[in-house]
Amino acid sequence: MDARSPHMTSDIAGWRPDAPATRSLAEVNSTVAIPAAGHWSRRLLAFVGPGYLVSVGYMDPGNWATDLAGGSKFGYTLLSVILLSNLMAILLQSLAARLGIVTDRDLAQACRATYSPAVNFLLWLACEAAIIACDLAEVIGTAIALKLLFGIPLIGGALLAALDAFLLLLLMNRGFRFLEAFVIALLAVIAVCFVVQIAAAAPPVAEVLRGFVPKSEIFTNSDMLYIAIGIIGATVMPHNLYLHSSIVQTRAYERNDTGRREAIKWATTDSTIALMLALFINAAILVVAAATFHKTGHADVAEIGQAFELLSPLLGLGIASTLFAVALLASGLNSTVTATLAGQIVMEGFLDLRLPSWARRLLTRGIAIIPVIIVTAVYGERGTADLLVFSQVVLSMQLPFAVIPLVRFVSDRRKMGQFAIPTSVAAVAWIVAGVIVILNLKLLADTFFG
C-alpha cells in the first residue's frame, strides 16, 4: 500500500480540497492486526499499547519536578490539581483517538487540511516549542538520573542523552508492538518503584483523600497557582494529542462505520486505563514528597537531586533513593520514544516535510541540550531544577493551540459525520479548553503585572 491511503476521508465536506491525503506514520499505519472473531478480550488486547505510549508523557521527568515542588511545599493540597488534570487528559485523549480513527488524519494533518498555510505555520511553531520544552525536561531528567546512579556530571549526562536518538530507530525496526512492549515494561518498573516508596512513606490516608478535594487557595495563591499550572502543563501535554491521533491508526481495524465504532470503544478503554496508571504515578510522587519532605520541615525540596539525597534517610529505607533514580531513568528513556514520534508526526503533518527520524531527533535534542548545558554551567544543578519547572509552564502555555482545534474538529459534523461528539460532551470539552486558557491568562498576568 502506498503512502496515500484509499481510506482517507478527504471527500467529506469541511476539509480543504487541496489537502494532502498521506497516511500518518505511513511506515507503521495499519500494521497491527485486529482479530475478527473470538472473545472481546482479544480485541481489547489488540488495541492495548497506544494509550500506554501516550501515558508516558503524563509521567515524564517534567512531572517529577512539579509534583516534588507541589508536595514538599504545599503538602497534599495539589493532589486535586493532579486529579483534575488527569480527568482532562482522559477526555482530551479520547477525543484525539476519535479524530484519528474517524478521519484517518492525525491532529496536525487535520489542521493542515482546515487552516490557511500561515495559521498552520504558527500552530507548528507553537507545537514545536512544546516538544522542545518536553525534550528539555527529558534531557534534564535523564542527565540527573545518570548522575545519581553512576556519578556522571550533568553536562556529560546531557550529552549522553543525545545518543538515545537511536533508541527509537532500534525499537521501530523490530515492529510497533515491540516498541509498545518496551514502553509498558519500563512503565511497570516505574510503578513498582513507587509502590515500594509509598509503602515506606506510609502517608495518612485521610489527609491524602482530603488532598483530592479542590481548594480556593490554589487560585488565590500565586506560588501555588504557578506550580498548579505547571502540573497541568506536565500532565495534559499538547504533543500527546498529536501523538495519540496518529498511533491509534497503527491498528488494522476495518475502515468502515462498524470498524471505526469498535476501534473508538477499545482505543478509549486503552487510554483511560493507561492514564489511570499515570494518575497513580503522579499522585505517588506528590504523596511521597508531602509525606517525606513537607511533614519533616523540608518544604523547599523542589530539586530531584535533593529528593534523592533525603529520601533514604527520612524514610529509613536504604534502597528508596536508588529506586527513585531508577524510576527517573526509566521515565526519561520512555519519554524519548513519545517525543520522537510526536515530533515526526507534527513535522510531517503540518509541513509535509519528511526528514529521517534520526536527523529530526538529533536536531531537537541539540536544541534542548544547549540551554541545559548553558544553565548548568552558569547556575549549577539548582538552575536546571528551575528550568525543569519552567519547561512545564511553557507546555501549559501551548495547550490552547492544540486543544481548541481538536475540540472544534471532533464537534464538526461535516468532518466527523455520525461520529461527531454529542453536544453535552462538546460543552464539557469547551469548558476544559476555557479553564486552560483562563489559568494561563491568570499566570501571565501574575508573571508580568503581579
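Up top you'll find the structure we're talking about.
Please read these numbers as outputs of a predicted model, since none were measured by experiment.

Undergrad: Explain the state of the cysteines here, please?
TA: A covalent bond between the sulfur atoms of two cysteines is what we call a disulfide. Scanning all chains against the criterion turns up zero disulfides. The structure places no disulfide on Cys127, whose sulfur is separated from the nearest cysteine sulfur, that of Cys111, by 8.9 Å. Residue classification places Cys127 among the buried positions, given a relative accessible area of 4%.

Undergrad: Would you take a moment to explain the environment of Ala377 for this structure?
TA: As for its placement among the helices and strands, Ala377 is situated in helix α17 (residues 357-379). For Ala377, a relative accessible area of 58% translates into the label exposed. Residues Ala377 and Ile155, spaced 222 residues apart in sequence, show a C-alpha to C-alpha distance of 8.0 Å.

Undergrad: Looking at this structure, I do not really get helix α4 (residues 79-103). What am I missing?
TA: Its 25 residues place the ends of α4 36 Å apart at the C-alpha level, agreeing with the 36 Å of an ideal helix rising 1.5 Å per residue. When you tally the buried positions in α4, you get 21 out of 25 residues, the bulk of the element.

Undergrad: Can you walk me through the packing of helix α15 (residues 304-315) against helix α16 (residues 320-351) in this structure?
TA: Helix-helix packing is described using two parameters, namely the angle between the two axes and the distance between the axes. Where α15 meets α16, the axes come as close as 7 Å, and the angle between the chain directions of the two elements is 145 degrees. For the pair α15 and α16, the contacting residues are Ile304, Ala307, Phe308, Leu311, Ser312 and Leu315 in the first and Ala320, Ser321, Thr322, Phe324, Ala325 and Leu328 in the second. Its residues assigned to classes, the contact of α15 with α16 shows nine nonpolar, three polar and no charged.

Undergrad: Just to check I follow, could you spell out helix α9 (residues 176-201) for this structure?
TA: Given 3.6 residues per helical turn, the α-helix brings residues three or four places apart onto the same face. Here α9 contains 26 residues, and its C-alpha end-to-end distance of 38 Å stays within 8% of the 38 Å for a straight helix at 1.5 Å per residue. Those residues of α9 that fall on the buried side of the exposure criterion are Phe176, Leu179, Glu180, Val183, Leu186, Leu187, Ile190, Ala191, Cys193, Phe194, Gln197 and Ala201. One or two residues past the end of α9 sits Ala202, with phi positive at roughly 45 degrees.

Undergrad: Whenever I open this one, the side chain of Asp106 confuses me. Can you help?
TA: Within the secondary structure, Asp106 is located in the loop between α4 and α5 (107-112). A polar contact is formed between the side chain of Asp106 and the side chain of Ser24, at a distance of 2.6 Å. Residues in contact with Asp106, not counting those within four places in the same chain, are Ser24, Leu99, Tyr242, Ser245, Ser246, Gln249 and Ile345.

Rules and cut-offs
- Residues numbered from 1 in each chain as written.
- Predicted model: local features only at pLDDT ≥ 70, side-chain atom pairs only at ≥ 80, totals over all residues.
- Heavy atoms only, no water.
- Disulfide = S-S within 2.5 Å.
- Buried < 20%, exposed > 50% of the residue type's maximum accessible area, 1.4 Å probe, protein only.
- Helix = DSSP H or I, 4+ residues; strand = E, 2+ residues; numbered from the N terminus.
- Expected span 1.5 Å × (residues − 1).
- Axes fitted to C-alpha atoms, helices over the stretch in contact; angles between N-to-C directions.
- Contact = heavy atoms within 4.5 Å.
- Nonpolar A, V, L, I, M, F, W, Y, C, P; charged D, E, K, R; others polar.
- Polar contact = N/O pair within 3.5 Å; in protein donor to acceptor, adjacent residues only side chain to side chain.

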